[in-house]
Amino acid sequence: MKSDWVTWVLVLLGWWFVHKATLSRERRKEKRELSANICSKLLDLQEAAISFHTDKEFSSRISNDISQQVHRIVSQLQRVPMNELDIPSIRIIELRKSVTLHNIDQSDFVQQDANSDLILRIRNAIADLISLVEELKEAKWR
Amino acid sequence: MKINLGKEFARYPAGRYQVDGPNSGERFRHEFLEPALKNDSNNIEIVLSDAIGLKSSFLEEAFGGLVRAGHNGAALLERLKFVSKDPTLPEEIREYIRKQTITCIQ
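Bear in mind that the values here come from a model prediction, so they are computed numbers and not experimental data.

Novice: Whenever I open this one, helix α2 (residues 60-78) of chain A confuses me. Can you help?
Specialist: An α-helical turn contains 3.6 residues, so a residue and the one three or four places further along point in the same direction. Residues and elements named next belong to chain A. In a regular helix each residue adds 1.5 Å, so 19 residues correspond to 27 Å; α2 covers 27 Å between its end C-alpha atoms and thus fits that length. Where α2 is concerned, the buried positions are Ser-63, Ile-66, Ser-67, Gln-69, Val-70, Ile-73, Val-74, Gln-76 and Leu-77. Taken together, the buried residues of α2 touch α1 (2-53), α3 (89-100) and α4 (117-140).

In structure tokens:
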């Protein structure tokens, strides 16, 4: 009778540990998927920003769309659970500046060459941010 | 004094100069920041949280432009207080004020 009771306690404890480990693995998986999704959005932003800055014609609509894309990505990086990565603010500021400080308004818009400093700055800011997200993700959510 | 950028000026501020559109940084500076600095000697609280998609060009012109217009950078850093869900926005604005202060001294 007593040994039956002990067996049940062991079974329940075992189930509880397995359940907890499964939950924790699932949460880590969700977080990793979310960070992969943000990296993909950053690449979409890079594509849209380079396309905008290298275009012959200025488009007010695309200019505003791009700044909203930046806004959404930054908000996501600062929300739970992505805020657990503690992305340094300097990287986020550089992302916004690279895309929206120069050549984003009609008054100073000039079609950019694919290798111009502005385009390289966008590529660098986005590459640095993606590599940082990936490094931190590996360190925290492996 | 309190200025809510997203509610009192524009939910989607955009553009550096007035020629770039009605919701530009230049207009925000002329119509909101400069009068507030002139008429109120206390700190000015600027709420950024309700504005969406703030561009760096808007921020630079609105706040860096204050220093170019003759306002003292150190006093601006002291008097302007920001409310923002995104802590990088006030940091970026202070960077523009500091940078313009150095440029104006040189």
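Moving on from the coordinates now.
Novice: Please clarify how the environment of Glu-8 of chain B should be interpreted in this entry.
Specialist: Residue and element names in this part refer to chain B. Assignment of secondary structure puts Glu-8 in helix α1 (residues 5-9). Between the C-alpha atom of Glu-8 and that of Asp-50, which follows or precedes it by 42 residues, the distance is 9.8 Å. Other than its neighbours up to four places away in sequence, Glu-8 contacts Lys-2, Ile-3 and Phe-32.

Novice: It is not clear to me how the pattern of salt bridges should be interpreted in this structure. Could you clarify?
Specialist: Opposite charge on two side chains permits pairing when their charged atoms draw close. The tally for this structure, following the rule as stated, stands at 16 salt bridges over all chains. With its nearest N and O atoms 3.1 Å apart, the salt bridge here joins Glu-84 of chain A to Lys-31 of chain A. A residue pair is termed long-range when its members are at least 10 positions apart, and Glu-84 of chain A in the loop between α2 and α3 and Lys-31 of chain A in helix α1 qualify at 53 residues. Two residues, Arg-96 of chain A and Asp-86 of chain B, come together in a salt bridge whose shortest N-O distance is 3.3 Å. Placement of the pair is Arg-96 of chain A in helix α3 and Asp-86 of chain B in the loop between β3 (80-83) and α5 (88-105), with the two residues belonging to separate chains.

What counts, and where the lines are drawn
Residues numbered from 1 in each chain as written. Chains lettered and ligands numbered in written order. Predicted model: local features only at pLDDT ≥ 70, side-chain atom pairs only at ≥ 80, totals over all residues. Heavy atoms only, no water. Helix = DSSP H or I, 4+ residues; strand = E, 2+ residues; numbered from the N terminus. Expected span 1.5 Å × (residues − 1). Buried < 20%, exposed > 50% of the residue type's maximum accessible area, 1.4 Å probe, protein only. Contact = heavy atoms within 4.5 Å. Salt bridge = Lys/Arg side-chain N within 4 Å of Asp/Glu carboxyl O.

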